[in-house]
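# Geometric and topological summary
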Amino acid sequence: MAKIIINGGKTLSGEVKISGAKNAVLPIMSATLLCPGKFTIHNVPDLRDTRTMMQLLEITGAKTSFNNGSVTIDSTGVNNPEAPYELVKTMRASFYVLGPLISRFGKVQVSLPGGCAWGPRPVDYHLKGLEKLGAKLDLEGGNILAEAKELKGADIHFEFPSVGATGNLVMASVRAKGLTRLYNCAKEPEITQLCEFLNSMGADIEGVGTDKLIISGVKELNQADITVIPDRIEAGTFLMAGALNGEIKIKNIIPLHLKKVTDKLIEVGCKVKIEASSILISPPQKINSIDMTTAVYPGFPTDLQAQWVALMSLSESSAIVTDTVYHDRFSHIPELARLGANIKVEKNTAFIRGVNQLVGAPVMSTDIRASAALFIAALAAKGKTEISRIYHIDRGYEKIEKKFLGLGAEIMRES
Ligand code: UD1
């Protein structure tokens with residue numbers, strides 16, 4: 001099995017260029033199913049998840065290609081509104097095709113995603129919302145079958161500002177008849193970009209970037225092109241690697257998307273220099289122990305919680321980290337403990353007592369962000385760490401070892 005071997009303790013320095021955002025490109029790619037057309041998406045990260053989404057679009061009948069960071073999608077021949085279990089189980093974001101396919105074809109069959117390494121992750125808000133738009137839903141053989149001769153605008157209140165449900169319901173409603181009002185929407189930059197892309201396709205969405213989206217259904221949509229925003233989670237991961245291990249200039253980013261993270265890193269004692277499209281981070285002499293609670297955007301992202309725990313495990317006293325978005329997203333903690341971290345978990349809270357040093361050991365990735373946490377902890381640890389199941393990291397981080405090698409890390413990939 002492929003693994004990454006890191007010889008830790010090297011000081012990092014230099015510049016790194018951040019790739020396009022995984023969580024922005026996946027819904028944008030799904031949105032191309034809404035109408036026939038030829039779409040070009042630029043600044044696309046070459047990730048396992050991007051490739052999985054291309055494969056899924058091909059199954060529906062689209063033609064896709066990936067060249068020099070741009071994906072082209074021809075959705076003219078799409079005729080199979082289905083997302084099979086084999087793909088949905090490897091990538092939950094496959095569920096994003098639900099909204100566009102029911103909008104275009106009046107019916108869709110999408111496998112239920114099921115659980116994942118960190119909890120049940122339900123899709124009830126997506127389904128309740130579709131019902132409100134007039135779809136009839138059935139469950140057959142683990143698949144959701146949804147049908148609607150015509151979707152009709154409705155008022156939908158999300159219990160929680162779910163990223164996926166907001167994206168799916170916006171895509172389902174852009175051609176629904178009349179007015180759809182979505183309340184308590186996710187305001188993550190990736191959802192904002194999806195709405196902007198849909199508007200450039202001819203949709204009529206008001207309130208973009210706020211928690212209330214008002215969508216006036218349009219009859220037709222057209223093809224469009226877009227450049228994907230930078231990946232704030234990849235950038236945040238490099239920021240924390242810098243906080244642990246060296247001076248890094250993180251380039252090609254939108255610093256505003258990382259405001260909460262940089263504020264916290266300043267509390268930790270890091271020097272943070274913010275410019276128009278880059279951040280320079282330098283590590284502190286001693287890492288202050290700072291409590292952190294995740295929240296929806298613009299709060300501290302749950303997708304950086306694991307990396308924050310890795311940082312705090314080398315802090316000078318104790319820190320408390322609470323995840324309010326996902327209550328059982330702590331599969332990285334037993335693995336960090338193998339490197340010597342001292343952490344206890346109760347419900348959705350991790351209690352961390354900083355240690356002076358982490359020491360390399362064999363560890364296992366359990367999901368994308370957990371593997372990123374192991375990666376940066378291993379870079380800071382003394383000696384050799386072998387990370388197995390690295391397909392998780394390849395799902396969400398483009399050329400991660402190449403980028404860290406460029407900063408002076410010692411890393412090898414064994415296939
Ligand atoms: C997206 C991101 C993921 C990130 C998460 C939270 C993508 C591809 N993935 O996931 O990286 O960690 O946002 O920022 O963009 N919930 C329900 N019912 C639903 C939907 C969600 O109860 O129907 C709950 C979830 O269990 C969770 C919370 O809502 O507790 C937030 O989940 P959500 O925002 O939907 O996450 P995803 O869209 O799956």
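Residues numbered from 1 in each chain as written. Predicted model: local features only at pLDDT ≥ 70, side-chain atom pairs only at ≥ 80, totals over all residues. Heavy atoms only, no water.

In this section: empty space enclosed by the protein. Summed over all chains, the structure comprises 1 cavity of 30 Å³ or more. A volume near 40 Å³ is recorded for the largest cavity. In terms of lining, the largest cavity is formed by T302, Q305, A306, R329, H332, D367, R369 and A370. Counting only elements with at least two residues in the lining of the largest cavity, the list comes to helix 10 (305-312) and helix 12 (368-380). Tallied by class, the residues present in the lining of the largest cavity amount to 2 nonpolar, 3 polar and 3 charged. (1 Å grid on protein atoms, 1.4 Å probe; cavity = no way out; pocket = protein on both sides within 12 Å on 5 of 7 lines; lining within 4 Å. Points joined across faces, edges and corners; volume = space filled by probe spheres on them. Helix = DSSP H or I, 4+ residues; strand = E, 2+ residues; numbered from the N terminus. Nonpolar A, V, L, I, M, F, W, Y, C, P; charged D, E, K, R; others polar.)

By secondary structure assignment, the location of A83 is in strand 6 (residues 82-83). Owing to a relative accessible area of 2%, A83 belongs among the buried residues under this scheme. Taking the C-alpha atoms as reference points, A83 and L314, separated by 231 residues in sequence, lie 43 Å from one another. Dropping the residues within four chain positions of it, A83 is found in contact with L56, V88, V97, Q109, V110 and S111. (Buried < 20%, exposed > 50% of the residue type's maximum accessible area, 1.4 Å probe, protein only. Contact = heavy atoms within 4.5 Å.)

Spatially, 4 strands are ordered 10-11-13-12 in an open sheet, and the strand pairing comes out mixed. With partners counted over all chains shown, the strands left at the sheet margins are strand 10 (155-157) and strand 12 (204-206), one partner each. Within this sheet the neighbouring strands show an average axis-to-axis angle of 15 degrees, counted without direction. The pairing of strand 10 with strand 11 (residues 179-183) spans 3 bridges and is parallel. (Pairing = 2+ DSSP bridges. Axes fitted to C-alpha atoms, helices over the stretch in contact; angles between N-to-C directions.)

Moving on to the domain arrangement of the protein chain. Reports often express the size of an interface as the amount of accessible area lost when the parts come together. Along its sequence, the protein chain is carved into domain 1 (3-19 + 230-414) and domain 2 (22-222). Once you take the C-alpha centre of each, domain 1 and domain 2 turn out to be 30 Å apart. Both sides of the domain 1 and domain 2 interface together cover about 1900 Å² of buried area, and 54% of this is carbon and sulfur. Joining domain 1 to domain 2, the criterion identifies 2 salt bridges. When the shortest N-O distance is used, the salt bridge between R395 and D49 registers 2.7 Å. Linking domain 1 to domain 2 there are 6 residue pairs in polar contact (both at pLDDT 80 or more). For the side of domain 1 that touches domain 2, the elements supplying multiple residues, two or more each, are helix 12 and helix 13 (391-396). (Domains from an automatic or database assignment. Buried area = accessible area lost by both parts, 1.4 Å probe. Salt bridge = Lys/Arg side-chain N within 4 Å of Asp/Glu carboxyl O. Polar contact = N/O pair within 3.5 Å; in protein donor to acceptor, adjacent residues only side chain to side chain.)

This brings us to the site of the ligand. The environment of the ligand is formed by 17 residues, the closest being D124, Y125, S162, D303 and V325. Contact distances for the ligand include 2.6 Å between a nitrogen atom and a side-chain N or O atom of D124. Burial of the ligand by the protein chains amounts to 86% of its free accessible area of 740 Å². In terms of residue count, helix 5 (residues 124-132) provides more of the shell around the ligand than any other element does, 3 residues in total. (Near = heavy atom within 4 Å. Areas by Shrake-Rupley, 256 points an atom, 1.4 Å probe, with all protein chains shown as cover.)

The subject of this paragraph is the environment of L339. When you line up the elements, L339 lands in the loop between helix 11 (332-338) and strand 20 (342-346). Sequence separation of L339 and Q357 is 18 residues, and the distance between their C-alpha atoms is 8.9 Å. With sequence-adjacent residues up to four places away left out, L339 is seen in contact with L358, V359, G360, A361, V363, A377, A378 and T385.

In this section: the pairing of strand 13 (residues 212-216). Alternating residues of strand 13 divide into L213 and I215, all buried, and K212, I214 and S216, none buried. Relative to strand 13, strand 11 runs antiparallel, the two being bridged by 5 bridges. Bridge assignment links Y183 to a residue of strand 13, and that residue is K212. Two elements, strand 12 and strand 13, share 3 bridges in a ladder whose sense is antiparallel. Of the residues in strand 13, the one forming a bridge with E206 is I214. In this structure, the hairpin formed by strand 12 and strand 13 is closed by a connection of 5 residues, where G207 is found at a positive phi of approximately 85 degrees.

Before going further, it helps to spend a moment on the pattern of salt bridges. Applying the stated criterion across every chain yields a total of 21 salt bridges. We note a salt bridge from E15 to K251, for which the minimum N-O separation is 2.9 Å. Placement of E15 in strand 2 (residues 12-17) and of K251 in strand 15 (residues 246-251) is noted, with a sequence separation of 236 residues between them. Here E15 falls in the partly exposed class, since its relative accessible area comes to 48%. By relative accessible area, which is 31% here, K251 ends up partly exposed. Two residues, E267 and K264, come together in a salt bridge whose shortest N-O distance is 4.0 Å. Residue E267 and its partner K264 are both found in helix 9 (residues 259-268); the two are separated by 3 residues, about one turn of the helix. Its relative accessible area of 42% is what places E267 among the partly exposed residues.

Relative to the helices and strands, S365 is located in the loop between strand 22 (362-364) and helix 12. Assessed through its relative accessible area of 0%, S365 is described here as buried. Within the structure, the side chain of S365 is placed 3.4 Å from the backbone oxygen of R389, a separation counted as a polar contact. Those residues within four positions of S365 in sequence are excluded, and the remaining contacts are S371, L374, I387, S388, R389, I390 and H392.

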